[in-house]
Amino acid sequence: MTQDPVLTTVKDCEVPLTISIEPSVVLVEDQVTLSCQVTDNVPSNTSVLWYKMEKGRDAPLCSSSSLGGVVEQCKDEDEWRIVGHWKGRALLLVIQQVQVADEGTYVCALNGSAVTQEATTRLGVTAIGYKPTVDRDVQEENMCRYTCKSKKWYPKPEVIWMNYGGDAVNVEAETNVTWSERDRFTVQSIITVSCDNLDVVCVVKLVKSKISRSGAMNEIIVPHSSSCMYKGRISGSYVKPKVMWVNPQGEDVSLLAQTSILQETDNIFTIESSIELPCGQPPPSFVTTEGERRPQIAQQSGNGNFIWIICLLVLIILPASLQKQIGNPKEIAVLERQIEDLKKEIVDQRKEIDDIKVDGNTAHPNLSIDADEKSFTYKSQAQKVTQTERSFDSSVCVLGSKGFSSGKHYWEVDVEKSNDWDLGVAGKSAPKKGTISLSPKEQFWALGLSFKSYWARTDPWTPLTVQKKPRKIGVYLDCEERLLTFFNATDMSVMFTFKDCAFSEELYPFFKNSHKESTMRICSVREE
């Protein structure tokens, strides 16, 4: 999209020399063009030079001995990103794959028998970081700590905690912003609020350019009315973009929507869509099957009044049941047969259940481990235990005592007494210190219950539809097939399957209990 040019005034107004930058907001990895426009009253034998002002020296970039003449590229061959060429009476300086180091002051200089003149402009560089991730950790006295993380920002961003209505959360935040060449500016912000307060959104913002991204982990309760209008919009680079609306059951309801796809430039699209559905039910997801950028969903009532702007990772991912629509049919068929065979094996031969115990040396200090090493209770007071490098120190977690790197394994966990838990497997090198993010990227493959809803801890989370509340959860691990399947052990229905997992090291059973004074228990081999 063409932006209005940034103009710089010359020192001598008698010489009409103008520099412009297009686009005005220059993103890292994008392309920018600096134009040095020379008007007709400047003689053609005047030389033109582009250079960048740097500490202690000026760095020439390109030059021409005459207007419209041969352009000499002054940089080494390694600097192929920066080239100059004529377009009419404008000497263009094109910078490809813009980097933060390209930020600075650029000068276009004229030198001839009739005129000597310079014009300068400032090139600012912007990097829009990753969508913030938000993690929650239960503290004492029904207080919850929310941790927001994001990286790859430039210039230095601000972090604002808001509610879904757009108002600032009235609580002091502990925010830390650090710089590194690799990750640019990385932010981490922590607030502590009552666990009853689910209305929390983290916004990372570049103040000058007014660019921001927001992240949350909570589900919004939608006000009841006759009908609700949902609007989705996404912009980004895609190849044959495909978007759809999906209801909480995983059904494609796109036929009820009005969608328009506008192409701005090559492979750059803006996609807009709206759909009207009855209120009083969980909102649909507006998803794209291509690209990595996530859309925003705005909900409106039937009369068009604005209610919410929703930026939820948990609502912008294909539900588990939708996987069948986009996967390879042969692979899906094989997976379904494997699951059915497994269900029969587990139902008929419960003796195959692994005898799992927990490793107390990995336990969070508030977890009390029973003598049989199968039950663990979240205590309000920390236990008198010795913390080691293997111990969780922030999240109330514990690992199994035995790791697996091959074979098939199955175990069951009684979760009936806990209203906030996670189960699965963790890689040997999975982080244990500080706030952890449960996702395959961090070597955690888990499923859990939080905010009274069940979630697969994908990235972002996948909401699950559970017909019957499970008393026990079955966990099936197939190392060779790279599968991890969770069962509702009450009726042996499949809750979720992680497939094609990037298992690269020894895996340990993983347990997290965030419900105070509750007990979780690994079931014995023949226990019913």
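The text that follows walks through the structure, step by step, so that each part is easy to find. (Residues numbered from 1 in each chain as written. Predicted model: local features only at pLDDT ≥ 70, side-chain atom pairs only at ≥ 80, totals over all residues. Heavy atoms only, no water.)

1. Let's talk about the pairing of strand β18 (residues 211-215)
Moving on, step 1. As defined by bridge partners, strand β17 (residues 201-206) adjoins β18 across 5 bridges and the pair is classed as antiparallel. The residue of β18 that forms the bridge with Cys 202 is Gly 215.
Moving on, step 2. Hairpin connection of β17 to β18: 4 residues between the antiparallel strands, including Lys 210 at a positive phi of 60 degrees. (Pairing = 2+ DSSP bridges. Helix = DSSP H or I, 4+ residues; strand = E, 2+ residues; numbered from the N terminus.)

2. Observations concerning the sheet that holds strand β8 (residues 90-95)
Moving on, step 1. Taken in spatial order, the 4 strands line up as β1-β3-β8-β7 in an open sheet, and their pairing is antiparallel. Among the strands making up the open sheet, the edge pair consists of β1 (17-22) and β7 (82-87). Neighbour-to-neighbour, the strand axes of the sheet open up by a mean angle of 20 degrees, direction not taken into account. (Axes fitted to C-alpha atoms, helices over the stretch in contact; angles between N-to-C directions.)

3. What about the sheet that holds strand β4 (residues 47-54)?
Moving on, step 1. One open sheet accounts for 5 strands, arranged β6-β5-β4-β9-β10; its pairing is antiparallel. Edge strands, defined here as strands with exactly one partner in the open sheet, are β6 (71-73) and β10 (116-123). The sheet shows a mean angle of 25 degrees between the axes of neighbouring strands, taken without regard to direction.
Moving on, step 2. For β4 and strand β9 (residues 104-111), the ladder comprises 7 bridges, and the chain directions are antiparallel.

4. Side note on unusual backbone geometry
Moving on, step 1. Of the consecutive residues Glu 22 and Pro 23, the connecting peptide bond is found in the cis state with omega at 0 degrees.
Moving on, step 2. As for its placement among the helices and strands, Pro 23 is situated in the loop between β1 and β2 (26-27).
Moving on, step 3. Cis geometry is adopted by the peptide bond preceding Pro 460, which originates at Asp 459 and carries an omega value of 0 degrees.
Moving on, step 4. Examined against the element boundaries, Pro 460 turns out to sit in the loop between β32 (453-456) and β33 (462-464).
Moving on, step 5. Positive phi values are uncommon outside glycine, yet Glu 373 reaches one of about 60 degrees.

5. Focus: the pattern of salt bridges
Moving on, step 1. Counted by the stated rule, this structure contains 13 salt bridges.
Moving on, step 2. Asp 414 is the salt-bridge partner of Arg 471, the closest N and O atoms lying 3.9 Å from each other. Residue Arg 471 is found in the loop between β33 and β34 (472-478), and its partner Asp 414 is found in strand β29 (residues 408-414); the two are separated by 57 residues along the sequence.
Moving on, step 3. Beyond isolated ion pairs, a larger network of salt bridges with shared partners links Lys 151, Lys 152 and Asp 183. (Salt bridge = Lys/Arg side-chain N within 4 Å of Asp/Glu carboxyl O.)

6. Quick notes on the packing of aromatic side chains
Each aromatic ring pair is specified by the distance between its two centres and by the angle formed by the two planes.
Moving on, step 1. For the structure shown, the criterion picks out 13 aromatic pairs.
Moving on, step 2. Centre to centre, the rings of Trp 445 and Phe 503 are 4.9 Å apart; their planes meet at 80 degrees, and the pair counts as edge-to-face. You can see Trp 445 sitting in strand β31 (residues 444-450) and its partner Phe 503 sitting in the loop between β36 (493-498) and β37 (507-513), a full 58 residues away along the chain.
Moving on, step 3. Given a relative accessible area of 2%, Trp 445 falls into the buried group.
Moving on, step 4. Residue Phe 503 is classed as buried on the basis of its relative accessible area, which comes to 10%.
Moving on, step 5. Taken together through their ring pairs, the aromatic side chains of Tyr 154, Trp 179 and Phe 185 make up a single cluster.
Moving on, step 6. Of note, Arg 457 hangs over the ring of Trp 461, and the distance from its end group to the ring centre comes to 3.9 Å. (Phe/Tyr/Trp six-rings, centres within 6.5 Å; stacked < 30°, edge-to-face > 60°. Buried < 20%, exposed > 50% of the residue type's maximum accessible area, 1.4 Å probe, protein only. Lys NZ or Arg CZ within 6 Å of the ring centre and 35° of its normal.)

These figures come from the coordinates and say nothing about function on their own.
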